[in-house]
Amino acid sequence: MSCSFSAVNSIQPRSLSTDNPSITPFKPTPSPFLGSTLKPRFNSLKKSPSASTRRRSSIVAVSDVVKEKSLNFKSSPSNLLITKEEGLVLYEDMVLGRAFEDMCAQMYYRGKMFGFVHLYNGQEAVSTGCIKLLKQEDSVVSTYRDHVHSLSKGVPARQVMSELFGKTTGCVRGQGGSMHMFSKEFNVLGGFAFIGEGIPVATGAAFTSRYKREVLKEADCDHVTMAFFGDGTCNNGQFFECLNMAALWKLPIIFVVENNLWAIGMSHLRATSDPAIWKKGPAFGMPGVHVDGMDVLKVREVAKEAVERARRGEGPTLIECETYRFRGHSLADPDELRDPAEKAHYATRDPITALKKYMIENKLASEAEFKAIDKKIDEVVEDAVEFADASPHPGRSQLLENVFADPKGFGIGPDGKYRCEDPKFTEGTAHV
Ligand SMILES: Cc1ncc(C[n+]2csc(CCOP(=O)(O)OP(=O)(O)O)c2C)c(N)n1
Ligand SMILES: [Mg+2]
């Protein structure tokens, strides 16, 4: 398994005028990404040695810690990155994520779910490698690709599947659906359908932790927040605004970019002036690291360092995980835009197969132990479907509960009754 770790450094701001000698005409260069078949499209900025030596960042790279550990590992196989128990937890969580999503696809095509459903297949090492390090009190903020983040955080598969089926036993009582997982108990602060929408929510949660500790004097409040979002989202304003505030206030937050190289059908390399997202961390005064997101052990190592930094009160970290989704953007996407060679490349780097291989080669577990976990997870997922199927649908009156808009005049009629209870409420509109 290869992995590209890049040291944290800083970039000199430059003018983009054409007479600037630091701009070179576009020359195709090898892609900085492990398996993308596309090349960056825009003019590249030539590095000025004098500029880079003039302004070195004093921030320590999280990646150095990992580099050191993996070097130790090569020279001494006894110094493994995980114990048997830890490895089996990671394996089980990734298998749960994969099996759950495969089942979602089946249920969606059988008409059990409505709306858009975005699956996480291929990206499991990111969710597992990061979230399995957290405590229940720590928070996770997700996107519309949120089922697996919720499972990793501990939300029972029954509750996630029921939510997808729109049933009252779902984690949002059937009111959220695929893109809006939430759990107060497990501190999953939401899946968000608008891209970038969750980043300020996560920043607010991290602010709360610091406020509790320093203003309300709750000394034991060392909660951290992880915000997950994609490469495409990093070109949105909230991302930059929140990096700024998090660094300014040294918030206990980890920004985890799941760079799967695509934003629906738009290649990251076509849409982004500098595709190395991790570099934006140091620009705001926080460490940035690029890690192989198909390798759960490497993700876990960088995330561990970032979580510890956050708990110590040393502020935020930006982690860019290079990953890949094995399916289309959503279940409605025929996935015809991505190059088959690129898909084939990442298929060979399946994070579940890779962890299994690592553990077997290092005699941490046997084939029989993996089979037993696979079987257990099959049963968990089957049970989740049966539970969701047998659960009741919410009553129509629930439709307007927890809605921010004032329901008077909209949801509640002049007689004080819910308009949706009127049998003619949806007449002439699509079935609600
Ligand atoms: C504010 C906003 N603009 C546009 C969209 C439409 N949209 C849905 S997904 C998506 C691409 C996001 O890509 P990325 O951040 O890379 O996440 P991925 O789907 O790859 O996980 C876009 C533009 C949206 N949901 N919200
Ligand atoms: Mg993406």
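None of the values given here were measured: they were computed from a predicted structure. Here the residue numbering is sequential within each chain, running from 1 through the sequence in written order. Whichever chain is written first becomes A and whichever ligand is written first becomes 1, with later ones labelled in order. Residues qualify for local features only when their pLDDT is at least 70, as the model is predicted, and side-chain atom pairs are given and counted only at 80 or more; totals for whole chains, interfaces and linings, by contrast, use all residues.

(A) Representation of unusual backbone geometry in the model. Even without being glycine, Asn187 reaches a positive phi, approximately 55°. Labels follow the DSSP assignment, with helices taken as runs of H or I lasting at least four residues and strands as runs of E lasting at least two, numbered in each case from the N terminus. Residue position: Asn187 is located in the loop between α6 (157–164) and α7 (198–214). What makes Asn187 buried here is the crowd of 21 C-beta atoms within 10 Å. The phi torsion at Lys363 lies on the positive side, around 55°, for a residue other than glycine. Along the chain, the position of Lys363 falls in the loop between α13 (351–361) and α14 (367–390). Field definition: a residue is buried when 20 or more other C-beta atoms are found within 10 Å of its C-beta, exposed when 12 or fewer are, and partly exposed for counts in between, with C-beta atoms placed from the backbone.

(B) Spotlight on the sheet that holds strand β6 (residues 288–292). Pairing between two strands requires that DSSP report at least two bridges joining them. Taken in spatial order, the five strands of this open sheet run β1-β2-β3-β7-β6, and their pairing is parallel. Strands with a single pairing partner mark the edges of an open sheet, and in this sheet they are β1 (139–141) and β6. Across this sheet, the average inter-strand angle for adjacent strands is 20°, counted without regard to direction. Pairing of β6 with strand β7 (residues 317–322) involves five bridges; the strand directions are parallel. Each bridged residue has a counterpart across the sheet, and for His290 the counterpart in β7 is Glu320. Each axis is a line fitted through C-alpha atoms, taken for helices only over the stretch in contact, and angles between the N-to-C directions span 0 to 180 degrees.

(C) Summary view of the nonpolar core. In terms of nonpolar packing, the biggest core is built from 79 residues, with Met226, Ala227, Ile253, Ile254, Val256 and Ile319 touching the most fellow members. Contact between two residues is assigned when their C-beta atoms, built from the backbone, lie within 7 Å. Non-local contacts of Ile319, meaning those with residues more than four positions away in its chain, are made with Ile254, Phe255, Val256, Val257, Val289, Val291, Val302, Ala303 and Ala306. Put simply, a nonpolar core is a cluster of buried Ala, Val, Leu, Ile, Met, Phe, Trp, Tyr and Cys residues tied together by C-beta atoms within 7 Å.

(D) Representation of the site of ligand 1. We call a residue near a molecule or strand when its C-beta atom, built from the backbone, sits within 6 Å of it. Around ligand 1, a shell composed of 15 residues is seen, among which Ile195, Gly230, Gly232, Thr233 and Ala263 lie nearest. Sorting the residues of the shell around ligand 1 by element identifies β2 (225–230) and β4 (262–263) as the ones contributing at least two each. Here the shell around ligand 1 is built from residues that sort into seven nonpolar, five polar and three charged. When residues are sorted by character, Ala, Val, Leu, Ile, Met, Phe, Trp, Tyr, Cys and Pro go into the nonpolar class, Asp, Glu, Lys and Arg into the charged class, and all the rest, Gly among them, into the polar class.

(E) How the structure looks around the pairing of strand β3 (residues 253–259). For β3, the buried fraction is high: seven of the seven residues fall into the buried class. Neither face of β3 is open: one carries Ile253, Phe255, Val257 and Asn259, the other Ile254, Val256 and Glu258, and all of them are buried. For β2 and β3, the ladder comprises six bridges, and the chain directions are parallel. Paired with Met226 across the two strands is Ile254, which belongs to β3. After leaving β2, the chain enters helix α8 (residues 237–248) and then returns to the sheet as β3, a path that is right-handed. Sheet analysis places β3 next to β7, joined by six bridges and oriented parallel. Handedness is read with the strands pointing away from the viewer; a crossover is right-handed when the path from the first strand over the helix to the second is clockwise.

(F) Region of interest: α13. Taken residue by residue, α13 has Pro351, Ile352, Leu355, Tyr358 and Met359 as its buried positions. Angular distribution of buried residues about the axis of α13 spans 130°; they occupy a single face of the element. Away from its buried face by more than 90 degrees, α13 exposes Thr353, Lys357 and Glu361. Check the buried side of α13 and you find it contacts α3 (84–109), α4 (124–131) and α11 (296–311). In this description, one arc is meant: the one made by directions from the helix axis to the C-beta atoms.

(G) Inspection of the confidence of the model for the protein at higher detail. Averaged over every residue, the pLDDT of the protein is 84; residues scoring 70 or more account for 78%. A low-confidence stretch, residues 1–29 (pLDDT under 50), is modelled with 61 contacts involving residues beyond four sequence positions or located in other chains. pLDDT expresses how confident the predictor is about each individual residue, on a scale running from 0 to 100. Predicted confidence for residues 40–66 stays below pLDDT 50, and this span has 54 contacts to residues more than four positions away or in other chains.

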